[in-house]
Amino acid sequence: MAREKKKKKKNYANRFSVILSVALTVNLGLYWLPDSIAGLRIKKVDLLSDIRVSSEKDEDDVSAFYTDDDDEYLSGISADIAADMEPADSVIQPPVPVLPDNPAAKVSAEPEASGGDKSNAGDLSRTDIEDFSSGHTGLRRFFAALNNINHLERPVRIAFLGDSFIEGDIFVADFRAQMQERFGGRGVGFIPVTSNVAQYRPTIKQSADGWNTYSIIKNKNRKYVLSGLSFEPKSDNAFIRFQTVDMYPGLEEVSSIKFIYLNNENTGLLLKSDADTSYYELPPAETVTQYEINGKFTKGTMQFRNVAGLNAIGVAFEDNRGVVVDNFSLRGNSGTIMAELDGESCRELQRVRPYDLLVLQYGLNVASDSIREYGWYRNQMVTVVEHLQDCFPGADILILGISDRSHKSGGTYNTMPAVLSLLRAQRQTAQKAGVTFWSIFAAMGGRNSMIKYVDLNWASKDYTHLAFRGGREIASALFEAIITEKKLYDGDEELVER
């Protein structure tokens, strides 16, 4: 009887140990990589990031991210940071009162009981506009346009350039409503041909089909203007459907539809509305063109024929008077890519659709727990501002400082230290570029104000994005800051006339 030979079992334990050791070594090596390689900033790999408890230095010593020249600014945004700092009296600006209907700001603005001098406590709630231009003229053209609004023969136009913070018209919708209530005007202004958040935007009902979408973030080799998007029809079945809404006064009806495109050969536009159906031949063009249709519009469908060669940008629903506020939000945009806008095309847009004020809202896609220094971002954004000034020579620029944003550490939510460091860089951007600056962080109430916004259901549970209710608070604060600054400008103009 043959004896069975026992097969010798292989031992994989040593092989597994070797693989595990190599993996750990590689990941640890990735963590110890330098902050940048060949000028490219990189994000470190931290295997313990989800369970690591931030040190007290990260959580509490955020003042370490500031230099002495920022003491004045710190005194206006955070009591617990600036409590031990004493800026010179000559640099303290008059405080702007907290809005009475903003309990979050009220709570955060309360000075801590330190037993020290509280003479500067009012400065903790300042939400004024800082003007770093030569001669305090950073908003001169914008205010002059508002003062001459009845004689311009066009609306005063404001463009918001931003990221997902203003997506769906959050914040911008309420600011638009207040500006139009004060200075006149109707309509939602510009909308892209189609959008991934169109169904969530309550300021206009919009749908579209038959279009290819191109983004400045993903598709580089194209010409882009402020929206950072362009659209090409797939076939003659391409359409845009719209319906105005009554969510805000001034949105129910408009007198002008403007179709904005970059290139066209022989496209026809069929507009079907309740009143009638009209056909229009779009002028051939190789530059930014705005084709206007006048009437009374509440809803309709725009269908396109002979679409070969058409490169569309979007549609504007508005009046040719008062104030128009366009929302150019682009998800994932850090702001730096706006330096790649096509200069010639932007200047063409400014000729056919003049803007008086560009508002830059960026930062959410930049702030990171792994980054503490944002000088690189400041330098890139100075380039962006200079490019926008070249592209839109008739427009003033207002930079908005990042909003409060919380992260969870040690079981509780607190302001990300990176927010304050980035806020400083954004303010320095305005200083170096000689433009105006306004802090959303301060308007919210300063440090840990996002927690209060979430508790009040004014912001989402991600502790990053506003809800419409929170957007209304920030919009009101910005509107009041602009009106306050305008009064100062008007007062200066009166003195000059005398």
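Reading the values: the criteria
Here the residue numbering is sequential within each chain, running from 1 through the sequence in written order. The predicted nature of this model means local features are confined to residues of pLDDT at least 70 and side-chain atom pairs, given and counted, to a pLDDT of 80 or more, with totals for whole chains, interfaces and linings taken over all residues. Working from all heavy atoms in the structure, the side-chain values ignore hydrogens and water. Numbering of helices and strands runs from the N terminus, with a helix taken as a DSSP run of H or I at least four residues long and a strand as a DSSP run of E at least two residues long. Here's how the labels work: a residue is buried when its accessible area is under 20% of the maximum for its type, exposed when over 50%, partly exposed in between, all with a 1.4 Å probe on protein chains only. Should any heavy atoms of two residues lie within 4.5 Å, those residues are counted as being in contact. The method behind every accessible area is Shrake-Rupley, applied with a 1.4 Å probe, and residues are considered shielded solely by the protein chains displayed. When DSSP finds at least two bridges between two strands, those strands are taken to pair. Only the contacting stretch of a helix is used when fitting its axis, a line to C-alpha atoms as for every element, and angles between N-to-C directions run 0 to 180 degrees. For classification purposes, an angle smaller than 35 degrees is called roughly parallel, one larger than 145 roughly antiparallel, one from 65 to 115 roughly perpendicular, and anything else oblique. Rotating anticlockwise by less than a right angle from the far helix to the near helix defines a left-handed crossing, while the corresponding clockwise rotation defines a right-handed one. Think of it as three bins: nonpolar holds Ala, Val, Leu, Ile, Met, Phe, Trp, Tyr, Cys and Pro, charged holds Asp, Glu, Lys and Arg, and polar takes everything else, Gly as well. Buried residues of nine kinds, namely Ala, Val, Leu, Ile, Met, Phe, Trp, Tyr and Cys, make up a nonpolar core once their side-chain atoms join them within 4.5 Å. By salt bridge we mean one thing: a side-chain nitrogen of Lys or Arg within 4 Å of a carboxyl oxygen of Asp or Glu. Ring pairs are drawn from Phe, Tyr and Trp, using the six-membered ring of Trp, whenever the two centres fall within 6.5 Å, and their geometry is named by plane angle: stacked under 30 degrees, edge-to-face over 60, tilted for the rest. Look at NZ for Lys and CZ for Arg. If either is within 6 Å of the ring centre and within 35 degrees of the ring normal, a charge sits over the ring. Counting of polar contacts relies on pairs of N or O atoms within 3.5 Å, with two restrictions inside protein: one atom must be capable of donating a hydrogen and the other of accepting it, and residues adjacent in sequence are counted only when both atoms are side-chain atoms.

**Some details on the overall build of the protein chain**
Okay, so step 1: When you go through the protein chain residue by residue, the secondary structure sums to 13 helices and 21 strands.
Okay, so step 2: Taken across its 498 residues, the protein chain has 53% of its residues classed as buried.
Okay, so step 3: In the protein chain, 77% of the contacts between residues at least 6 apart in sequence involve partners at least 24 apart.
Okay, so step 4: If you sum the accessible surface of the protein chain, you get close to 23800 Å²; carbon and sulfur atoms cover 49% of it.

**Here we look at the sheet that holds strand β11 (residues 268–273)**
Okay, so step 1: The sheet built from 5 strands is open, its strands ordered β6-β9-β14-β11-β12 with antiparallel pairing. Two strands lie at the open edges of the sheet, namely β6 (205–209) and β12 (277–281), each paired on one side alone. Here the average twist between neighbouring strands, direction ignored, is 15°.
Okay, so step 2: Across 5 bridges, the pairing between β11 and β12 is antiparallel. Its bridge partner being in β12, Leu271 is matched across the sheet by Ser278.

**Some remarks on the pairing of strand β16 (residues 323–329)**
Strand residues, when the strand is regular, have side chains that alternate between the two faces of the sheet.
Okay, so step 1: For β16, a buried count of 6 out of 7 residues is recorded, marking the element as mostly surrounded by other parts of the structure.
Okay, so step 2: Across 7 bridges, strand β4 (residues 156–162) lies against β16 in parallel orientation. Looking at β16, one finds that Gly162 is bridged to Ser329.

**With respect to the packing of helix α9 (residues 375–391) against helix α10 (residues 417–433)**
Okay, so step 1: Packing of α9 against α10 brings their axes to within 9 Å, and their N-to-C directions diverge by 40°. Classified by the angle their axes make, α9 and α10 are oblique. Of the two elements, α9 crosses α10, and the hand of that crossing is right-handed. Side by side, α9 and α10 meet where Tyr377, Arg378, Met381, Val382, Val385 and Gln389 of the first sit next to Leu422, Ala425, Gln426, Gln428, Thr429, Lys432 and Ala433 of the second.
Okay, so step 2: Of the residues belonging to the contact of α9 with α10, the class tally is 7 nonpolar, 4 polar and 2 charged.

**Comments concerning the sheet that holds strand β21 (residues 436–439)**
Okay, so step 1: Ordered in space as β3-β21-β18-β17-β4-β16, the 6 strands form an open sheet in which the pairing is mixed. Each edge of the open sheet carries a strand with a single partner, namely β3 (130–131) and β16.

**Focus: the nonpolar core**
Okay, so step 1: Ranked by size, the top nonpolar core spans 128 residues in total, and within it Phe160, Phe171, Leu226 and Trp438 carry the most contacts.
Okay, so step 2: For Leu226, the residues in contact, after removing those within four places along its chain, are Ala159, Leu161, Phe328, Met338, Leu341, Leu349, Tyr355, Leu358, Leu388 and Phe392.

**Things to note about unusual backbone geometry**
Okay, so step 1: The phi angle at Asp169 is positive, at roughly 75°, despite the residue not being glycine.
Okay, so step 2: Here Asp169 is to be found in the loop between β4 and α7 (172–183).
Okay, so step 3: The buried category is assigned to Asp169, whose relative accessible area is 0%.
Okay, so step 4: Positioned with a positive phi, Asn448 is a non-glycine residue whose angle comes to about 65°.
Okay, so step 5: The topology assignment puts Asn448 in the loop between α11 (440–444) and α12 (449–455).
Okay, so step 6: Taking the relative accessible area as the measure of exposure, Asn448 reaches 19% and is therefore buried.

**Points about the pattern of salt bridges**
Okay, so step 1: With the rule as written, the count across this model stands at 20 salt bridges.
Okay, so step 2: For Asp169, the salt bridge goes to Arg201, with nearest N and O atoms at 3.2 Å. Residue Asp169 is found in the loop between β4 and α7, and its partner Arg201 is found in the loop between β5 (189–192) and β6; the two are separated by 32 residues along the sequence.
Okay, so step 3: Residues Arg353 and Glu318 are paired through a salt bridge, measuring 2.7 Å at the closest nitrogen-oxygen approach. Placement of Arg353 in the loop between α8 (343–352) and β17 (357–361) and of Glu318 in strand β15 (residues 311–318) is noted, with a sequence separation of 35 residues between them. Assigned by exposure class, Arg353 and Glu318 land together as buried.

**Overview of the packing of aromatic side chains**
We describe a pair of aromatic rings using the distance from one ring centre to the other and the angle between the two ring planes.
Okay, so step 1: This structure, assessed with the given rule, holds 17 aromatic pairs.
Okay, so step 2: Ring geometry for Phe142 against Phe143: centres 5.6 Å apart, planes inclined by 40°, an arrangement best described as tilted. Here Phe142 and Phe143 have matching classes, each one buried.
Okay, so step 3: The ring of Tyr214 has Arg222 lying over it, and the distance from NZ or CZ to the ring centre is 3.8 Å.

**Some remarks on the side chain of Gln180**
Okay, so step 1: Tracing the sequence through the fold places Gln180 in helix α7.
Okay, so step 2: Looking at Gln180, its side chain comes within polar contact range of the main-chain oxygen of Gly187, at 3.2 Å.
Okay, so step 3: Excluding residues that lie within four positions of it along the chain, Gln180 makes contacts with Gly185, Arg186, Gly187, Pro249 and Val323.

**Observations regarding the side chain of Asp396**
Okay, so step 1: Mapped onto the secondary structure, Asp396 falls in strand β18 (residues 396–401).
Okay, so step 2: A polar side-chain atom of Asp396 sits 3.4 Å from the main-chain amide nitrogen of Arg140.
Okay, so step 3: Setting aside anything within four residues of it in sequence, one finds Asp396 in contact with Gly138, Leu139, Arg140, Arg141, Phe142, Asp356, Leu357 and Leu358.

**Regarding α8**
Okay, so step 1: Taken residue by residue, α8 has Gly343, Ser345, Cys346, Glu348, Leu349 and Gln350 as its buried positions.
Okay, so step 2: Tucked into the core, α8 has its buried residues touching β10 (254–263) and α9.

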